[in-house]
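# Close look at the chain arrangement
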Amino acid sequence: GAVVSQHPSWVICKSGTSVKIECRSLDFQATTMFWYRQFPKQSLMLMATSNEGSKATYEQGVEKDKFLINHASLTLSTLTVTSAHPEDSSFYICRGGGLFTEAFFGQGTRLTVV
Amino acid sequence: QKEVEQNSGPLSVPEGAIASLNCTYSDRGSQSFFWYRQYSGKSPELIMFIYSNGDKEDGRFTAQLNKASQYVSLLIRDSQPSDSATYLCAVIQGGKLIFGQGTELSVKP
């Protein structure tokens, strides 16, 4: 089956620094990648939808200048958390594939900002 | 009103019993419904999807959809300790996959 490889699986960074999370589709072309964030004991919240070669669409309340999404190729989408703060500590998950098909999640990235 | 609602639990059942997980959704126009299982610290994995009213069975899992009442449920027969996880209901609404907050299931040996 289709696989989305997400890296890193966990990262600890200092407050004020930036962190890049990568999601690669290994055996299919992900024209669309969905980025979610999940706080402990809470649901997955959609942050943004990225489409290859175009600007990402951000959900209401998500700062596009803070969460930079790049989807420059059909196999790679990245999320950069800029000037990270402790409140950005969360579990970030990407999902590739079509909306109505089986959703292929990445393994998730646990971000801890200290 | 939340778009997709689940009882957060925890729901505790003995090994071998039937676990029943419920989910309601707000958008009557929703057409596609999914159940995911999520272990702690891991990303969700798809268990089942259902599009039509009625039941859909896959092994020990049965998804039930009632569009008139706007609820979807998941039954797990012969529950095993390895089924202990958080179960997420997800619904396609407005072109987006919206998740409920999840129900934590604990299967006691």
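Presented here is an overview of the structure given in this document. On a predicted model such as this, the values are computed, not experimentally measured, just so you know.

### Concerning the overall build of chain B
- In terms of regular secondary structure, chain B is built from zero helices and eleven strands.
- In chain B, the order of α-helices and β-strands from amino to carboxyl end is β-β-β-β-β-β-β-β-β-β-β.
- Relative to the 2.2 N^0.38 estimate, which gives 13 Å for 109 residues, the radius of gyration of chain B is 13 Å and therefore close to what a compact globule would have.
- Overall, chain B is about 40 × 30 × 20 Å in size when its C-alpha atoms are taken along their principal axes.
- Of all 109 residues assigned to chain B, the portion counted as buried reaches 44%.
- A sequence separation of at least 24 residues applies to 54% of the contacts in chain B between residues at least 6 apart.
- Counting 10 positive and 11 negative side-chain charges, chain B places the centres of these two groups 4 Å from one another.

### Some thoughts on the state of the cysteines
All names here are of chain A.
- Summed over all chains, the structure comprises two disulfides over all chains.
- Cys23 shares a disulfide with Cys94; S-S distance 1.8 Å. Taking the torsion about the S-S bond as the criterion, the Cys23 to Cys94 disulfide, at about -95 degrees, is left-handed. With a gap of 71 residues between them, Cys23 in strand S3 (residues 19-25) and Cys94 in strand S9 (residues 90-96) connect regions that are remote in the sequence. Across the pair, Cys94 and Cys23 agree in class, each one buried.

### Concerning the interface of chain B and chain A
- Residue-level contacts link 19 residues of chain B with 21 residues of chain A.
- Across the chain B to chain A interface the summed buried area is about 1400 Å²; carbon plus sulfur atoms make up 59%.
- Summed over the three residues of chain B that lose the most area to chain A, namely B:Ser43, B:Leu97 and B:Phe99, the buried surface amounts to 29% of that side.
- The tally of links between chain B and chain A comes to two salt bridges.

### A look at the sheet that holds strand S8 (residues 76-81) of chain A
Residue and element names in this part refer to chain A.
- Spatially, the four strands line up as an open sheet ordered S1-S3-S8-S7, and their pairing is antiparallel. Each edge of the sheet is formed by a strand with only one pairing partner; in this case those strands are strand S1 (4-7) and strand S7 (67-73). For this sheet, the mean angle separating the axes of adjacent strands, direction not counted, is 15 degrees.

### A word on the pattern of salt bridges
- All told, the structure shown has eight salt bridges over all chains when counted by the stated rule.
- For the salt bridge of B:Glu104 with A:Lys41, the shortest nitrogen-to-oxygen distance reads 3.6 Å. Highlighted residues: B:Glu104 in strand S11 (residues 103-108) and A:Lys41 in the loop between strand S4 (32-38) and strand S5 (44-51), drawn from two different chains.
- With a relative accessible area of 74%, A:Lys41 lands in the exposed category.
- Taking the shortest distance from any N to any O, the salt bridge between B:Arg37 and B:Asp83 comes out at 3.9 Å. Residue B:Arg37 is located in strand S4 (residues 33-38), and its partner B:Asp83 is located in the loop between strand S8 (71-76) and strand S9 (85-93); the two are separated by 46 residues in the primary sequence.
- By relative accessible area, B:Arg37 is classed as buried at 18%.

### What about the pairing of strand S5 (residues 45-50) of chain B?
All names here are of chain B.
- Bridge count for S4 against S5 is five bridges, and the pairing is antiparallel. Its bridge partner lying in S5, Trp35 is registered against Met48.
- The antiparallel pairing of S4 with S5 creates a hairpin that spans six residues between the two strands, and Gly41 there sits at a positive phi of about 80 degrees.

### Points about the packing of aromatic side chains
- As enumerated under the stated definition, the model contains ten aromatic pairs over all chains in all.
- Pairing B:Tyr25 with B:Phe33 gives two aromatic rings, centres 4.8 Å apart and planes at 45 degrees, and the pair type is tilted.
- Residue B:Phe33 is classed as buried on the basis of its relative accessible area of 1%.
- Centroid distance B:Phe34 to B:Phe49: 6.4 Å. Interplanar angle 50 degrees. Geometry classified as tilted. Linking B:Phe34 in strand S4 with B:Phe49 in strand S5, this pair joins segments that are 15 residues apart in sequence.
- Each residue in the set A:Tyr36, A:Phe105, B:Phe34, B:Tyr36, B:Phe49, B:Tyr51 and B:Phe99 is aromatic and connected to the rest through ring pairs, giving one cluster.
- The positively charged end of B:Lys56 is found above the aromatic ring belonging to B:Phe49, 3.8 Å away from the centroid.
- One cation-aromatic arrangement involves B:Arg60 over B:Phe61; the distance from NZ or CZ to the ring centre is 5.5 Å.

Procedures and definitions
- Residues numbered from 1 in each chain as written.
- Chains lettered and ligands numbered in written order.
- Predicted model: local features only at pLDDT ≥ 70, side-chain atom pairs only at ≥ 80, totals over all residues.
- Heavy atoms only, no water.
- Helix = DSSP H or I, 4+ residues; strand = E, 2+ residues; numbered from the N terminus.
- Rg over C-alpha atoms; globule rule 2.2 N^0.38 Å.
- Buried < 20%, exposed > 50% of the residue type's maximum accessible area, 1.4 Å probe, protein only.
- Contact = heavy atoms within 4.5 Å.
- Lys, Arg positive; Asp, Glu negative; His and termini not counted.
- Charge placed at Lys NZ, Arg CZ, Asp CG, Glu CD.
- Disulfide = S-S within 2.5 Å.
- Buried area = accessible area lost by both parts, 1.4 Å probe.
- Salt bridge = Lys/Arg side-chain N within 4 Å of Asp/Glu carboxyl O.
- Pairing = 2+ DSSP bridges.
- Axes fitted to C-alpha atoms, helices over the stretch in contact; angles between N-to-C directions.
- Phe/Tyr/Trp six-rings, centres within 6.5 Å; stacked < 30°, edge-to-face > 60°.
- Lys NZ or Arg CZ within 6 Å of the ring centre and 35° of its normal.

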